[in-house]
Amino acid sequence: MALSVFIDGGAGTTGLEIRERLADRDEFELLILDEDQRKDAAARREALNDADVAILCLPDDTAREAVALIENDRTRVIDASSAHRVAEGWTYGFPELIGTDRVAHAKRISNPGCYPTGFLALVAPLVRVGLLPADWPYTVNAVSGYSGGGKALIERYESGNAPGFRAYGYDLSHKHLPEMKAHAGLTHLVLFAPAVIPVFRGMIVEVPLHLGAMEMEPHANALQEALSEFYDSAPVVSVIKANLPNELIIEPDALPNDGMELFVFANKGGWNTRLVARLDNLGKGASGAAVQNLNLMAGLPETTGLKLDR
Ligand SMILES: NC(=O)C1=CN([C@@H]2O[C@H](COP(=O)(O)OP(=O)(O)OC[C@H]3O[C@@H](n4cnc5c(N)ncnc54)[C@H](OP(=O)(O)O)[C@@H]3O)[C@@H](O)[C@H]2O)C=CC1
Ligand SMILES: CC(=O)N[C@@H](CCC(=O)OP(=O)(O)O)C(=O)O
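What counts as what
- Residues numbered from 1 in each chain as written.
- Chains lettered and ligands numbered in written order.
- Predicted model: local features only at pLDDT ≥ 70, side-chain atom pairs only at ≥ 80, totals over all residues.
- Helix = DSSP H or I, 4+ residues; strand = E, 2+ residues; numbered from the N terminus.
- Rg over C-alpha atoms; globule rule 2.2 N^0.38 Å.
- Buried ≥ 20, exposed ≤ 12 C-beta atoms within 10 Å, placed from the backbone.
- Contact = placed C-beta atoms within 7 Å.
- UniProt positions renumbered as here; feature names shortened; annotations may be inferred.
- Axes fitted to C-alpha atoms, helices over the stretch in contact; angles between N-to-C directions.
- Parallel < 35°, antiparallel > 145°, perpendicular 65-115°, else oblique.
- Left-handed = near helix turned anticlockwise from the far one by under 90°.
- Nonpolar A, V, L, I, M, F, W, Y, C, P; charged D, E, K, R; others polar.
- Near = placed C-beta within 6 Å.
- Expected span 1.5 Å × (residues − 1).
- Bend = angle between axes of the 7 residues up to and from the residue.
- Pairing = 2+ DSSP bridges.
- Core = buried A, V, L, I, M, F, W, Y, C linked by C-beta atoms within 7 Å.
- Domains from an automatic or database assignment.

Would you mind going over the overall build of the protein with me for this structure?
Regarding its fold elements, the protein presents 10 helices and 13 strands. The C-alpha radius of gyration of the protein comes to 19 Å, within 12% of the 19 Å expected for a compact globule of 310 residues. Scored against the burial criterion, the 310 residues of the protein give a buried share of 45%. Taking as baseline every contact in the protein between residues at least 6 positions apart, the subset at least 24 positions apart corresponds to 71%.

I would appreciate a short explanation of the UniProt feature "active site" (unreviewed entry) in the protein in the present structure.
The residues that UniProt annotates with the feature "active site" (unreviewed entry) are Cys114. Aside from chain neighbours lying at most four places away, what touches Cys114 is Ser144, Gly148, Met203, Asn281, Gly285 and Ala286.

Explain the UniProt feature "domain: Semialdehyde dehydrogenase NAD-binding" (unreviewed entry) in the protein to me, please; I cannot follow it from the model alone.
Per the UniProt annotation, the sites labelled "domain: Semialdehyde dehydrogenase NAD-binding" (unreviewed entry) are residues 4-105. Span residues 4-105 is 38% helix and 19% strand, its end C-alpha atoms 17 Å apart.

How should the packing of helix H1 (residues 13-22) against helix H10 (residues 287-297) be read in this particular structure?
When two helices pack together, their arrangement is given by the angle between the helix axes and the distance between those axes. At a closest axis distance of 8 Å, the pairing of H1 and H10 adopts a crossing angle of 50°. The angle between H1 and H10 falls in the class oblique. You can see that H1 and H10 cross each other, and the crossing is right-handed. Along the contact surface, H1 presents Thr14, Glu17, Ile18, Arg21 and Leu22, while H10 presents Ser287, Ala290 and Val291. Considering only residue class, the contact of H1 with H10 consists of four nonpolar, two polar and two charged.

Help me out: how do you make sense of the site of ligand 1 in this one?
Taken together, 26 residues sit near ligand 1, with Gly12, Thr13, Thr14, Ser81 and Gly150 positioned nearest. Tallied by class, the residues present in the shell around ligand 1 amount to eight nonpolar, 14 polar and four charged.

Would you take a moment to explain the site of ligand 2 for this structure?
Around ligand 2, a shell composed of 13 residues is seen, among which Gly113, Cys114, Ser144, Gly148 and Gly149 lie nearest. When residues of the shell around ligand 2 are traced back to their parent elements, those giving at least two are helix H6 (114-128) and strand E9 (191-197). When grouped by side-chain class, the residues that make up the shell around ligand 2 number five nonpolar, seven polar and one charged.

What am I meant to see in H6 here?
Residues separated by three or four positions in an α-helix point in the same direction, a consequence of the helix having 3.6 residues per turn. The first and last C-alpha atoms of H6 sit 21 Å apart over 15 residues, in line with the 21 Å expected at 1.5 Å per residue. Maximal helix bending in H6 amounts to about 40°, located at Leu120. With 13 of its 15 residues buried, H6 lies for the most part within the structure. Looking one or two residues past H6, Gly130 carries a phi angle of roughly 80°, positive in sign.

So what exactly am I meant to see when it comes to the pairing of strand E4 (residues 76-79) here?
Remember that side chains alternate between the two faces of the sheet whenever the strand is regular. Alternating positions in E4 separate into two faces, Arg76 and Ile78 on one and Val77 and Asp79 on the other, with burial throughout. Taken together, the four bridges between strand E3 (residues 53-56) and E4 define a ladder with parallel strand orientation. Residue pairing for E4: Ala54 is matched across the bridge by Val77. As paired strands, E4 and strand E6 (residues 108-110) are joined by three bridges and run parallel to one another.

Mind showing me how you'd approach the environment of Leu275 here?
Note on placement: Leu275 falls in strand E13 (residues 272-279). Note on Leu275: 27 C-beta atoms within 10 Å, which makes it buried. Contact partners of Leu275, with chain neighbours within four places excluded, come to Leu122, Glu206, Val207, Leu209 and Val264.

Help me understand the sheet that holds strand E8 (residues 166-167) in this model?
Two pairing modes exist for strands in a sheet, parallel and antiparallel, and in both the strands are linked by backbone hydrogen bonds. Read across the open sheet, the seven strands follow the order E8-E9-E7-E10-E13-E12-E11; overall the sheet is mixed. Of all strands in the sheet, those bounded by a partner on one side alone are E8 and strand E11 (237-240). Sheet analysis places strand E7 (residues 139-145) next to E9, joined by seven bridges and oriented parallel. By the bridge assignment, Val143 is partnered in E9 with Ala195. Against the sheet, H6 contacts E7, E9, strand E10 (203-210), E11, strand E12 (260-266) and E13, and its axis sits at roughly 40° relative to E10.

What exactly am I supposed to notice about the nonpolar core here?
If you look at soluble globular proteins, the nonpolar side chains tend to sit buried side by side. Grouped together as the largest cluster of nonpolar side chains are 80 residues, with contacts concentrated most on Ile55 and Val123. Sorting elements by how many residues they give to this core places H6 first, with nine residues. Among all residues touching Ile55, those that are not within four sequence positions of it are Val5, Ile7, Ile18, Ile78, Ala80 and Ala290.

I tried to follow the domain arrangement of the protein on my own but got confused; where do I start?
Many descriptions give the size of an interface as the accessible area lost when the pieces come together. Split by domain assignment, the protein resolves into domain 1 (3-111 + 286-297) and domain 2 (114-279). Counting from both sides, the interface comprises 13 residues of domain 1 and, opposite them, 19 residues of domain 2. When residues of the side of domain 1 that touches domain 2 are traced back to their parent elements, those giving at least two are helix H4 (95-98) and H10. Partitioned by chemical class, the residues of the side of domain 1 that touches domain 2 number six nonpolar, five polar and two charged.

Spelled out as structure tokens, the structure:
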């Protein structure tokens, strides 16, 4: 029997892409609220309680409110917002890092943020095996397509006044910091320098490292080997080992379709490295990740229906 899925916030950027990915899937029956009901609390309460799985694609406060509207023990939740990413009782929906089984059996899943997806994919496995120190002061440089900021940022960029390059986060308190620290097992918050470029989708997340300054002095080759081994059987994450490019481009044709590519660039001696993740903020960074988790919850292969024609 098909699982019923309600996407709360289904008219937003992340929600629409999830709907698109699920449109031809007969394993799922989508519950959709009409335009005049989609913000109506009573209609949402009913849909949230009717659904086998509710996917929340909402602002943080509204996502918390949605969870409170669920009054039964059956409805399982995938929350795409940042409301529950370090919250007690929630499973962090990053199957490659926590194991597909934990996602498959979870009742409350919090989807990773798009930037943390790139950062954690690079750093968490290396800290875990002791190749990178947990107490290092990590820096994260990143650029994102403007759809990463949802409808409001899309409107700003598509109104004809798009800034060419927009660096932000200068209050040094971006909402993704606790999530990066917690799920990489770090001692300190990272220094995060995000920016937006005038393309719709896609992102590059980079962690530059002076390996030679670390007490344990890991070699860049060892980092690449460890990442490669870690993701060996992961169908969504690839470690690029051969023919490393000298430039990375963000445009639809160059993006891994709902997957994520990891690179370990190094200087000749292997003591300076730039760990880099390239992904689609709306693919593995949000909607694709939600569908990957939904597949696992439904007992299906995690990659079913992930490909999206752009
Ligand atoms: N965009 C991205 O790349 C990523 C987004 N996320 C997270 O996913 C969540 C959704 O983001 P995104 O899709 O970008 O945001 P959008 O702003 O594009 O969409 C949010 C949707 O929620 C709707 N909404 C707001 N308030 C209510 C309410 N009270 N009841 C019902 N619906 C409501 C909005 O309605 P209306 O259409 O009327 O404005 C809109 O359709 C956010 O928490 C975001 O942080 C996570 C990772 C990446
Ligand atoms: C470009 C842009 O504005 N990006 C968003 C993050 C998008 C995302 O990952 O959403 P979550 O916050 O739910 O994780 C930002 O920096 O706030």
